[in-house]
Amino acid sequence: MTTLADVAELVRAPAALSVPGDVVAGAAAAGALSPRTPALAGASVLLYWAGMAANDWADRRLDAVERPERPIPSGRVTPAAALGLAAGLTAAGVGLAAAVGGRRAAALAVPLAASIWGYDLLAKNTAAGPAVMAACRGLDVLLGASGGNLVRALPSAATVAAHTWTVTTLSRREVTGADAALPMRTLVGTALVAASAAVAVPVARRADVPGARSAAALPVLLAGWYAARYGAAQAQVVRDPSAGKVRAAVGAGITGLPALQGALTARGGAGLLGLAVAAAAPLGRRLARKVSPT
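Starting from 1, residues in each chain are numbered consecutively following that chain's sequence as written. Per-residue local features of the predicted model are confined to residues with pLDDT of at least 70, and side-chain atom pairs are confined, for both listing and counting, to 80 or more; whole-chain, interface and lining totals are unaffected and use all residues. Side-chain metrics rest on all non-hydrogen atoms present in the structure, leaving aside hydrogens and water.

Draft legend 1. Spotlight on the overall build of the chain. The helix and strand inventory of the chain stands at 13 helices and zero strands. Listed by position from the N terminus, the elements making up the chain come as α-α-α-α-α-α-α-α-α-α-α-α-α. In this description the radius of gyration comes from C-alpha coordinates, and the expected globular size is given by 2.2 Å times residues to the power 0.38. For the chain, the C-alpha radius of gyration of 18 Å lies close to 19 Å, the compact-globule estimate for 294 residues. Under the scheme applied here, a residue whose accessible area is under 20% of the maximum for its type counts as buried, over 50% as exposed, and between as partly exposed, the area being computed with a 1.4 Å probe on protein chains only. A total of 294 residues make up the chain; the buried ones form 52% of that total. Whether two residues are in contact is decided by their heavy atoms, any of which lying within 4.5 Å being enough. For the chain, restricting intrachain contacts to residue pairs at least 6 apart in sequence, the fraction spanning at least 24 positions comes to 75%. Carbon together with sulfur atoms contributes 68% to the accessible area of the chain, which is approximately 12300 Å² in total. Side chains of the chain give 27 positive and 14 negative charges; the mean places of these two sets differ by 8 Å. In DSSP terms, a helix is any run of H or I states spanning at least four residues, a strand is any run of E spanning at least two, and both are numbered starting from the N terminus. Note on areas: Shrake-Rupley with a 1.4 Å probe; residue coverage comes only from the protein chains shown. We treat Lys and Arg as the positive residues and Asp and Glu as the negative residues; His and chain ends play no part in the count. Every charge is mapped onto a representative atom, which is NZ of Lys, CZ of Arg, CG of Asp or CD of Glu.

See below:
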């Protein structure tokens, strides 16, 4: 009989802590933080969980060989139940986004959902896989920005997308292990992502603005925290490119994302909110010890 714990493992429930920060960062950049932002973040979480369930449904035969302990191959969740859950969560996520954000939010939630399913069913094992997954995260950031100036949110969306590219590229070697060149490339990407997130908003550069220096420093500190945690895990892969080290680096990339999102949120002028977003990073690491985020 399927339990709640089995469903939580199927959808990688704790990993969803890495999701709301996309929406918050996008809203902060676009000047669109409002009471509807939490609801859009909830829609984003539903779509993320849908993608995880669809992923395991699509990979059920491969997982039976490579990861038989997962919920579907182990028999704890049936394929039909996983597919139905994925479809239901997708409908709920798109519906919630449309209900609270109107046409502009729906215009982003629909292609986001399509990209998630496209990745799971078509692109995952192709050369386009990392790019498609990066697009999913970029659209997620823009979903948060849907009530404001989307153009202003594009740099934040690109930064989160670039981070996602590094994580997805590494994840393709979780079972087989990698050569040292791969983590070296993703490590360079991580450094560029952190540098991008650390760039202060223009107003924070003005000496005559009260609190300008502290406002400028916070994105730097949070981006440095992100780079140190995720970068250290990738450096371990450079030294030992075994499958276990790769999985650990992927997990660090997932659970460390809130620190990056916090930096972007702070860069958008919402410093305290950025700290709150970043606080999900250590919580996610603790929960990842109970339910794997990968």
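Draft legend 2. Inspection of the layout of surface pockets at higher detail. For the largest pocket, the calculated volume is near 920 Å³. Cavity means a closed set of points on a 1 Å grid over the protein atoms alone, one where a 1.4 Å probe fits but cannot get out, pocket means an open set with protein on both sides within 12 Å along at least 5 of 7 lines, and lining means a residue has an atom within 4 Å of a point. Lining of the largest pocket is provided by 41 residues; of these, N55, Y119, K124, M133 and S171 occupy positions nearest its centre. Counting residues per element, the ones that place at least two in the lining of the largest pocket are α3 (37-58), α4 (60-66), α5 (79-123), α6 (129-144), α7 (150-171) and α10 (243-255). Residue polarity follows a fixed list, in which Ala, Val, Leu, Ile, Met, Phe, Trp, Tyr, Cys and Pro are nonpolar, Asp, Glu, Lys and Arg are charged, and the others, Gly among them, are polar. Considering only residue class, the lining of the largest pocket consists of 16 nonpolar, eleven polar and 14 charged. Grid points are joined across faces, edges and corners, and a volume is the space filled by probe spheres set on the points.

Draft legend 3. Examining the side chain of D22 more closely. Within the fold, D22 resides in helix α2 (residues 20-30). Filtering out sequence-adjacent residues up to four positions away, D22 remains in contact with R137, D140, V141, V160, L257 and Q261.

Draft legend 4. Layout of the packing of aromatic side chains. Between 30 and 60 degrees the pair is tilted, below 30 it is stacked and above 60 it is edge-to-face, where a pair is any two Phe, Tyr or Trp rings, Trp via its six-membered ring, whose centres lie within 6.5 Å. Under the counting rule described, the total for this entry stands at one aromatic pair. Note on Y226 and Y230: the rings are 6.0 Å apart at their centroids and 45° apart in plane angle, and the pair reads as tilted. A residue pair is termed a helical-turn pair when its members lie 3 or 4 positions apart in one helix, as Y226 and Y230 do in helix α9 (residues 212-239) at four residues. According to the relative accessible area criterion, Y226 is buried, its value standing at 1%.

Draft legend 5. Examining the nonpolar core more closely. Side-chain atoms within 4.5 Å are what join buried Ala, Val, Leu, Ile, Met, Phe, Trp, Tyr and Cys residues into a set we call a nonpolar core. Membership of the largest hydrophobic core comes to 72 residues, with the highest contact counts inside it found for L112, L143, Y226 and L260. The element that contributes the greatest number of residues to this core is α5, accounting for twelve residues. Setting aside chain neighbours within four positions, we find L143 in contact with L40, A97, A105, L108, A109 and L112.

In short, the description is geometric, and any link to function would need to be established separately.
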